[in-house]
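Chains, contacts and geometry: an overview
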Amino acid sequence: MAHDSKTWRCGKYTLTFDRPRIMGVLNVTPDSSSDGGDNFDPDRAIARGVEMLDAGADIIDVGGESTRPGFTPVDPDEEAKRVLPVIRALAQRGAIVSVDTRHVEVAKAAVRVGASIVNDVTGFTDPKMVEFVKNTKCGVIIMHAGEVTEPVRAHKAVQLDTSAAAFVAEKARAAAEAAAAAAAPGAKKRGRAQGGMRLTSGLIQPQLPFADIPNGSGAEAEGGDGAPETDAASTAEAVAAQLAGASIEAAAADTAPVAQAEPEDWLAAMMARSARHEEAYVSTSQLRRFTLPDSAPIMRRVMGFLSDQARALVHAGVSRDRICIDPGAGFGKNANEDIIIQRETAKMASLGYPLLCAVSRKRFVGAVSGVEKADRRDAATFGVCLGAIQNGANIVRVHDVAGFAQFLNGYWAVARPQPRRAFVALGSNLGRRMDNIRAAKDLIAEIPLTCVSNCSRIYESQPAYEERQEPFANAVIEIRTELAPLILLDELMKVEDRLGRKRGRGAKPNGPRTLDCDLLWMEGEVHGGDKLRLPHPKLGERDFVLVPLEDLMHDPARFFRYEGVDVKEPEQRVGHVTTELGSL
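Residues numbered from 1 in each chain as written. Predicted model: local features only at pLDDT ≥ 70, side-chain atom pairs only at ≥ 80, totals over all residues. Heavy atoms only, no water.

The next thing to look at is the pairing of strand 17 (residues 516-522). Burial analysis of strand 17 places 7 of its 7 residues in the buried class, the great majority of the element. The pairing of strand 13 (residues 420-428) with strand 17 spans 6 bridges and is classified as antiparallel. Bridge pairing links Gly427 to Asp516 in strand 17. (Buried < 20%, exposed > 50% of the residue type's maximum accessible area, 1.4 Å probe, protein only. Helix = DSSP H or I, 4+ residues; strand = E, 2+ residues; numbered from the N terminus. Pairing = 2+ DSSP bridges.)

Quick look at helix 1 (residues 42-55) now. Count 3.6 residues to each turn of an α-helix, and residues three or four apart come out pointing the same way. Taking 1.5 Å of rise per residue, the 14 residues of helix 1 would be expected to cover 20 Å, and the 20 Å separating its terminal C-alpha atoms lies within 8% of that figure. Listed as buried for helix 1 are Ala45, Ile46, Gly49, Val50, Met52 and Leu53. Taken down its axis, helix 1 places every buried residue within 160° of arc, on the same side. Facing away from the buried surface of helix 1 by more than 90 degrees, the exposed residues are Asp43 and Arg44. A distance of 3.1 Å separates the backbone nitrogen of Asp43 from a side-chain oxygen at the start of helix 1, and that oxygen is part of Asp41. In the stretch just after helix 1, Gly56 is the one whose phi turns positive, near 130°. (Expected span 1.5 Å × (residues − 1). Arc of directions from axis to C-beta. Polar contact = N/O pair within 3.5 Å; in protein donor to acceptor, adjacent residues only side chain to side chain.)

A complete count under the given rule lists 2 cavities of 30 Å³ or more for this structure. For the largest cavity, the full set of lining residues is Pro327, Gln342, Thr345, Met348, Leu355, Leu356, Cys357, Ala388 and Ala393. Here the lining of the largest cavity is composed, by residue class, of 7 nonpolar, 2 polar and no charged. (1 Å grid on protein atoms, 1.4 Å probe; cavity = no way out; pocket = protein on both sides within 12 Å on 5 of 7 lines; lining within 4 Å. Points joined across faces, edges and corners; volume = space filled by probe spheres on them. Nonpolar A, V, L, I, M, F, W, Y, C, P; charged D, E, K, R; others polar.)

The geometry of two aromatic rings is summed up by the distance between their centres and the angle between their planes. Using the criterion set out here, one finds 9 aromatic pairs in the structure. Ring geometry for Phe382 versus Phe407: centroids 5.6 Å apart, planes at 35°, classification tilted. Of the two residues, Phe382 is situated in helix 14 (residues 378-390) and Phe407 in helix 15 (residues 401-415); the sequence distance between them amounts to 25 residues. Measuring from centroid to centroid gives 5.6 Å for Phe423 and Trp521, while their planes differ by 35°, and the two rings are tilted. Note that Phe423 is positioned in strand 13 and Trp521 in strand 17, a separation of 98 residues in sequence. For Phe423, a relative accessible area of 0% translates into the label buried. (Phe/Tyr/Trp six-rings, centres within 6.5 Å; stacked < 30°, edge-to-face > 60°.)

Next up on the list: unusual backbone geometry. Phi is mostly negative for residues that are not glycine, and the peptide bonds are mostly trans. Along the chain, Leu534 connects to Pro535 via a cis peptide bond; the corresponding omega equals -10°. Among the secondary structure elements, Pro535 is positioned in the loop between strand 17 and helix 18 (543-549). Of note, Tyr465 is a non-glycine position whose phi angle comes to about 70°, a positive value. Summarising the element assignment, Tyr465 is placed in the loop between strand 15 (457-461) and strand 16 (472-481). The class for Tyr465 is partly exposed, based on a relative accessible area of 32%.

To continue, consider the environment of Arg9. Tracing the chain through its elements places Arg9 in strand 1 (residues 7-10). Look at Arg9 and you get partly exposed, because its relative accessible area is 37%. In the structure, Arg9 is positioned 131 residues away from Val140 in sequence and 9.2 Å away in space, judged by C-alpha atoms. Excluding residues that lie within four positions of it along the chain, Arg9 makes contacts with Thr14, Lys137, Cys138, Gly139, Asp321 and Arg322. Engagement of the side chain of Arg9 in a polar contact is seen with the side chain of Thr14, the distance being 3.1 Å. (Contact = heavy atoms within 4.5 Å.)

Another point: the environment of Leu443. Checked against the element boundaries, Leu443 lands in helix 16 (residues 433-445). Exposure remark for Leu443: the relative accessible area of 13% places this residue in the buried category. Expressed as a C-alpha distance, the spacing of Leu443 and Glu496, which sit 53 residues apart in the sequence, is 9.7 Å. Non-local contacts of Leu443, meaning those with residues more than four positions away in its chain, are made with Val495, Arg498 and Leu499.

Right, let's get into the pairing of strand 3 (residues 21-27). Most of strand 3 sits out of view: 7 of its 7 residues are buried. Burial along strand 3 is two-sided: the residues Arg21, Met23, Val25 and Asn27 and Ile22, Gly24 and Leu26 are all buried. One ladder, built from 5 bridges, connects strand 3 with strand 4 (residues 59-63); its direction is parallel. By the bridge assignment, Gly24 is partnered in strand 4 with Ile60.

With that settled, consider the sheet that holds strand 3. Strands sit in the order 10-7-6-5-4-3-12-11 across an open sheet of 8 strands; the sheet is parallel. Edge strands, defined here as strands with exactly one partner in the open sheet, are strand 10 (323-326) and strand 11 (356-357). Taken strand by strand, helix 14 contacts strand 11 and strand 12 (395-398), and its axis lies near 170° from that of strand 12. (Axes fitted to C-alpha atoms, helices over the stretch in contact; angles between N-to-C directions.)

We now examine the nonpolar core. Among the nonpolar cores identified, the biggest contains 79 residues, and Val62 and Leu90 are the most heavily contacted of them. Within the second largest apolar cluster, 26 residues are counted, among which are Val424, Ala473, Leu488 and Leu489. (Core = buried A, V, L, I, M, F, W, Y, C linked by side-chain atoms within 4.5 Å.)

Once that is clear, we can look at the pattern of salt bridges. Here the structure, examined in full by the defined rule, presents 36 salt bridges. Asp58 is the salt-bridge partner of Arg19, the closest N and O atoms lying 3.0 Å from each other. Linking Arg19 in the loop between strand 2 (13-16) and strand 3 with Asp58 in the loop between helix 1 and strand 4, this pair joins segments that are 39 residues apart in sequence. Judged by its relative accessible area of 3%, Asp58 is buried. A salt bridge links Glu491 to Lys494; the nearest nitrogen and oxygen atoms lie 3.5 Å apart. Of this pair, Glu491 and Lys494 both sit in helix 17 (residues 485-498), separated by 3 residues, roughly a single helical turn. Three or more residues are tied together by salt bridges with common partners; here these are Asp18, Arg19, Arg21, Asp58, Arg420 and Glu525. (Salt bridge = Lys/Arg side-chain N within 4 Å of Asp/Glu carboxyl O.)

What follows covers the state of the cysteines. Evaluated as defined, the whole model comprises 0 disulfides. We note that Cys324 lacks a disulfide partner, and the nearest cysteine sulfur, in Cys10, lies 8.2 Å from it. Overall, the relative accessible area of 0% leaves Cys324 in the buried class. Considering cysteine sulfurs only, Cys357 is the nearest to Cys385, which forms no disulfide, with 4.3 Å between them. Overall, the relative accessible area of 0% leaves Cys385 in the buried class. (Disulfide = S-S within 2.5 Å.)

A few words now on the packing of helix 14 against helix 15. Their axes nearest at 11 Å, the elements helix 14 and helix 15 cross at an angle of 45°. The angle between the axes of helix 14 and helix 15 places the two elements in the oblique class. Judged by the twist between their axes, the crossing of helix 14 over helix 15 is right-handed. Residues Phe382, Cys385, Leu386, Ile389 and Gln390 of helix 14 pack against Gly403, Phe404, Phe407, Leu408, Tyr411 and Trp412 of helix 15. For the contact of helix 14 with helix 15, the class distribution of residues is 9 nonpolar, 2 polar and no charged. (Parallel < 35°, antiparallel > 145°, perpendicular 65-115°, else oblique. Left-handed = near helix turned anticlockwise from the far one by under 90°.)

So, to be careful, I would describe these as geometric facts and stop short of saying anything about function.
Here it is in C-alpha cells:
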C-alpha cells in the first residue's frame, strides 16, 4: 500500500495512493440511516462539508437520495435541488467533490457546477449514464448493488429437514403405514403390544393423539385400546392433507405479499428484499461445519460484475485511470456475505483499479461489534477500514472524518514510513527580518518526523496585496516530512506563534507580520477547504515565492503548471523581488 502505483484522474485533479484517501459522507437527505436530517439544510450541509475538509477529508461524497434498506426513491429534480448548491460551494473552495447518484440528469448538473466524480450506486448499468461520463473527464465509481447468492429456482422444493413440520409429517406417514399394517391378520395385537408405531427408520414412536380427542382421554374412555383402526388411517390422511395445505398456504403467504409490496423502483425493491433477508435469516442446518458460506460463488458475482462494468466503460471510451470500484457493502448482502467480501479485499485490489471501502456504520459492522445504533458504530467502522487498508483498499468512505483521520495518522506514522517532499515559504517585514526567517527554519527542523533538506537565498520584495507597509524578506525551504498536511500546517502555525505573529481582531490578513509560514505544495497532496488549500491557491501569482524556488529546482513555473497551478508570467505577478539579501 505504501508504494501503490495506482492513480485516479478526476477531472482536473489526480489522486495518488501513497497513503489511503478519506472520503467524507455528506447526506443532504431527511432519511439516511445514521445521519438523516442532520445536513438537510443546504447551509448546514456546506458548513459540514467544509468541516470535514478541514478535519482531513480528501473527497466529499454528496448524496441527495438515501439508499438505506426500505428507502423511498427520490425524483431527480428534487435530488438535484438538494445537492447542487452544496456541490457548487464546496468545489469553489477547492474540494474534490463526488456526487452520489444513479440519475443521469443529476450527474450532468453536478459535473456542470463542479463535481469531479460520479459515484453510481447502480454500477453504470444505465446506457445513458455511460454515454454521459465517456464525454467528460470526471472520475467514476462502479458499485456493485445486488444479491450475491444464486436465487432459489421457482420449481425447487423446500425441505425443512430439521423443522417441526418435517417431524409431524414423518409421524403422519408412519401412522398411515401402521394403520395399513394393523388391517392385516395378527398385526393388530402385535402392534399394540409394543405401545406405539414403527417409523420407517425402524425406531418406535409412541402414538400421539390427533384429530379432536383432547389429551387422548377419549381413546381411553372407549375401551383403552384407542380409536378404531379405520380412524387411524383417516386421521393420518387428514394430518397429511392438513400439513400439505399448511405448507402451500405458508409458501403463498411468504411469496405473495412480497410480490405485491415490492416498489417499482428496482433498487428500492432489492434493498427491501435485502432487509427482509437480513432480519429473517436463521440457519436451519445444525450440521454446518463452517461459520461462513463458501466465498467462491460470492466473489465470482461481485468481481465479475465490477470487472465487466469496468471493461464496458473502457470500451465505451472512459480512460482506465478514471475508474474506481466499490463492492457495495450492504447493498443486497447480509452480514455473512459482507464479511466475506471484506476478507477478500486483496483479490478485488488485484483487479488494478483504485478500490473504495464504503462500510461506514453499515448493518454488518453493527452485527460484528454488537452495536445497534448506526451513529455509534464509528469505532467498529475504523477497525473494518483498517483491515481493508492493510489488504489494499485505497479510499475509505466514512461519516466521522475527524475521528478516522486521527486514527489513520496515528497508525500510518508507526506502520508505514513515508517521507514526502514539501515546500514552505517564509516571509517577514517586522523586526529583524532575516533573523526571523533563520529562526523559523531552525524551528521547522525541530518538528517531529520532519527535516529541512534545502534552502533558497533570502530576497527582498515589494509588499503584495497591502502596499502601505515595509518591504518583505522572503525565502523558501524544502523539507521532508512524514506528517499529514493538516498536521504539518498546525506545526507551522505554532512556529509563527513562537516568533510573535499577532492574530485575531485588528490583524490584516496580508498586513505586517514578524513571520508568515505558507505551505505551498506537498508531494501527492491535493486539498481544499477553509483551513488549507494545496497547492497554495496564490502560488502561481507570487513573484516573491517563484523566484526563491528557482534556487531549489529547475524551472519551477513548468513544474507547477504540470501540477495544475496557473503560473503567471513575471510581469503579471505580485510582490516582485527587488534584491538579494543573503543566504539562509
